[in-house]
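Secondary and tertiary structure notes
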Amino acid sequence: MKRYIFSAFFALMAQVAVFADSPTTDHSVGVDIRPSWVIPTNSYLKGENGECDIKSAVAPHFRYSFKFAPNTRYGQLYRHAYQGVGISYLATLPGASLGHPVNIYVFQGSRLAGLSQRLSLDYEWNFGVSAGWKKYDSDLNPNNGTIGSSVNAYLNLGLILSYRLNDRWKLTAGVEGSHYSNGNTALPNAGVNTAGARIGVSYTFAPARKTGELPLAPAEFEAGMGYDLLLYGAPRQRIITLDESPKIVPGKFAVFGLTFAPMYAFNPMFRAGVSLDMQYDESVSLEQNLVENTPSDKMLFYKQSFKERFSAGLSLHAELTMPIFSINIGLGRNIIADSPDTSIFYQTLALKTYVFRNAYINVGYQLRNFKDPNNLMLGIGYTFGRR
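Treat the numbers as computed from the prediction; the structure is a model and nothing was measured.

Okay, the overall build of the protein chain next. Helix and strand content of the protein chain: 3 helices and 19 strands. Per-residue burial for the protein chain yields a buried fraction of 49% across its 387 residues. Sequence separation of at least 24 residues holds for 64% of the intrachain contacts in the protein chain that already meet a minimum separation of 6. About 18600 Å² of surface is accessible on the protein chain, with carbon and sulfur atoms providing 62% of the total.

Here is the structure:
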C-alpha cells in the first residue's frame, strides 16, 4: 500500500515543482490552524477502542503556493487560481489511539465570488499521503476496525473567506471536511472523517504588479470535444462472511481497468461527458467459490470464471479543469456483470495531473452506493483531440 500511494503522490509533487519553475508569480508561504470534529462513523470512534471516545482533532499546516504570471495563457484563463504543497500534523483528541499522522499534500484553490475589493469567497482542495497511523493488528490492536494501514490517502475540501490586508499579507477563515482511508488496499478500512474550521495567515514575496502588460495574442478558449483514455490498476483486499461473521481474506487481489470518455469542454473550467468503463477484479464472487469446510485462517477458493471477474458499465462525468490539475466525478452503473459483487451502482472521484501536453496521472477512488469503498484507480491517461 505504501509504495502505491507514495509513488502516485510524489509524481504529483514533481509536476507541481516543474510548473513552479515556469513563469509564475505571487509565491507565498502560510500557516493554518484547523480544529475539527471527528465524525463517529463506526464503533471504534465512538469509544469501543479500549480507551475513550475520539471526539476531536487539531492540525497545524505549513504551506507554499504560487500563481501563474498574468502574461501567460494559464495566468489569463485562470487569474485567481493558486496551487502548492503543504505539510501538517494531525492530533486526535483525547489520547493517541489512532497514532500521530503527518500529512504531506498538494493543493489548489480559486475564487468563487468577489465580495468586495479585499474580500473573496474561495474554494480549496488538498490531496496527499498521511503516514503514522496506528493500524489494526489482531494481537496488539484488535479493536481498531477503522484503519488497516499505517499510510493512507488524505482528501480535504474547504470553503474559505480570504481577506487581503495589503499586497503581501492575507487572512483566511473557513470550513472544511477531510477523509482518510486506503481504498481497500488493506482491511479494515472504515476510514476517518472530520469536519471543522480553519484560520490562517499567508505572506507573499514580491507580489505581481498590475502593469496591464499582456501577450500580443491574448489567450482565447475554444469549446469542443476531447476523448480521455485511461488505464489503471490497484491491489485490494476482501471481507467475506464465514461462520456467520465477517472475515478478512488473507492476501491481496489485483484490479485492472480501462475507461474511454468523450468529454465536451464548455469553458476553460468545466467539461462533461459519458464514459465506457471496463474492469477486471480478481476478488469478486469469493463467497460463491469458497471450498467447503475450509478453515478461516487458510481459506481456499475455486478460481472464478473470466465472466465473473469482468464487468462493464456506463457513467456520467463532470470535471473541474484548472492549471495542472483536473477533478473528475462520475456516476455509473454496470450493464455487463456476472457476479453480485459487480452488479452495482458505482461512483468515482479522481484527481488528474497533466504531466505532458495531453498525458496525465490518474489517482482515483471507486465507491458503491455512495458509501462502500470498492478500489483505488491508479493509472495513466491521455486526452485526444484537445490542447
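This part takes up the pairing of strand S6 (residues 119–133). In terms of residue burial, S6 counts as a mostly covered element, since 11 of its 15 residues are buried. With 13 bridges connecting them, strand S5 (residues 99–114) and S6 associate as antiparallel partners. Residue pairing in the sheet places Gln 108 in a bridge with Trp 125 of S6. In this structure, the hairpin formed by S5 and S6 is closed by a connection of 4 residues. Where S6 meets strand S7 (residues 151–164), 13 bridges bridge the pair, whose relative direction is antiparallel. Counterpart to Glu 124 in the pairing with S7 is Gly 158.

Here the focus is the sheet that holds strand S16 (residues 325–337). As summarised here, the arrangement of the 8 strands in space is S10-S13-S14-S15-S16-S17-S18-S19, forming a closed barrel in which the pairing is antiparallel. Going from strand to strand, the sheet's axes swing by 25° on average, the running direction of each strand aside. Strand direction decides the pairing type here: strand S10 (residues 224–236) and strand S13 (residues 253–267), joined by 13 bridges, are antiparallel. Among the inter-strand pairings, Ala 234 is bridged to a residue of S13, identified as Val 255.

Applying the stated rule across the entire model yields 15 salt bridges. Of the charged contacts, one joins Arg 34 and Glu 124 as a salt bridge, the two residues approaching to 3.9 Å between their closest N and O atoms. Linking Arg 34 in strand S1 (residues 24–38) with Glu 124 in strand S6, this pair joins segments that are 90 residues apart in sequence. Overall, the relative accessible area of 1% leaves Glu 124 in the buried class. When the shortest N-O distance is used, the salt bridge between Arg 271 and Asp 228 registers 3.2 Å. Here Arg 271 is found in strand S14 (residues 270–281), whereas its partner Asp 228 is found in strand S10, with 43 residues between them in sequence. A relative accessible area of 5% means that Asp 228 is categorised as buried. Salt bridges linked by common partners bring Asp 32, Arg 34, Arg 63, Glu 124, Glu 176 and Arg 198 together as one network.

The subject of this paragraph is the side chain of Asp 281. Residue position: Asp 281 is located in strand S14. Taking the relative accessible area as the measure of exposure, Asp 281 reaches 3% and is therefore buried. Here Ser 283 takes part through its side chain, which lies 2.7 Å from a polar atom of the side chain of Asp 281. Sequence-distant contacts of Asp 281, that is, excluding residues within four places in its chain, are made with Arg 236, Arg 238, Ala 254, Val 255 and Arg 309.

Across 11 bridges, S14 lies against strand S15 (residues 310–321) in antiparallel orientation. Its bridge partner lying in S15, Phe 270 is registered against Leu 320. Pairing of S15 with S16, which is carried by 11 bridges, proceeds in the antiparallel orientation. Looking at S16, one finds that Ser 315 is bridged to Gly 332. A loop of 3 residues connects S15 with S16, the two strands running antiparallel in sequence, and Ile 324 in this loop sits at a positive phi of about 70°.

So, how was this worked out
- Residues numbered from 1 in each chain as written.
- Predicted model: local features only at pLDDT ≥ 70, side-chain atom pairs only at ≥ 80, totals over all residues.
- Heavy atoms only, no water.
- Helix = DSSP H or I, 4+ residues; strand = E, 2+ residues; numbered from the N terminus.
- Buried < 20%, exposed > 50% of the residue type's maximum accessible area, 1.4 Å probe, protein only.
- Contact = heavy atoms within 4.5 Å.
- Areas by Shrake-Rupley, 256 points an atom, 1.4 Å probe, with all protein chains shown as cover.
- Pairing = 2+ DSSP bridges.
- Axes fitted to C-alpha atoms, helices over the stretch in contact; angles between N-to-C directions.
- Salt bridge = Lys/Arg side-chain N within 4 Å of Asp/Glu carboxyl O.
- Polar contact = N/O pair within 3.5 Å; in protein donor to acceptor, adjacent residues only side chain to side chain.

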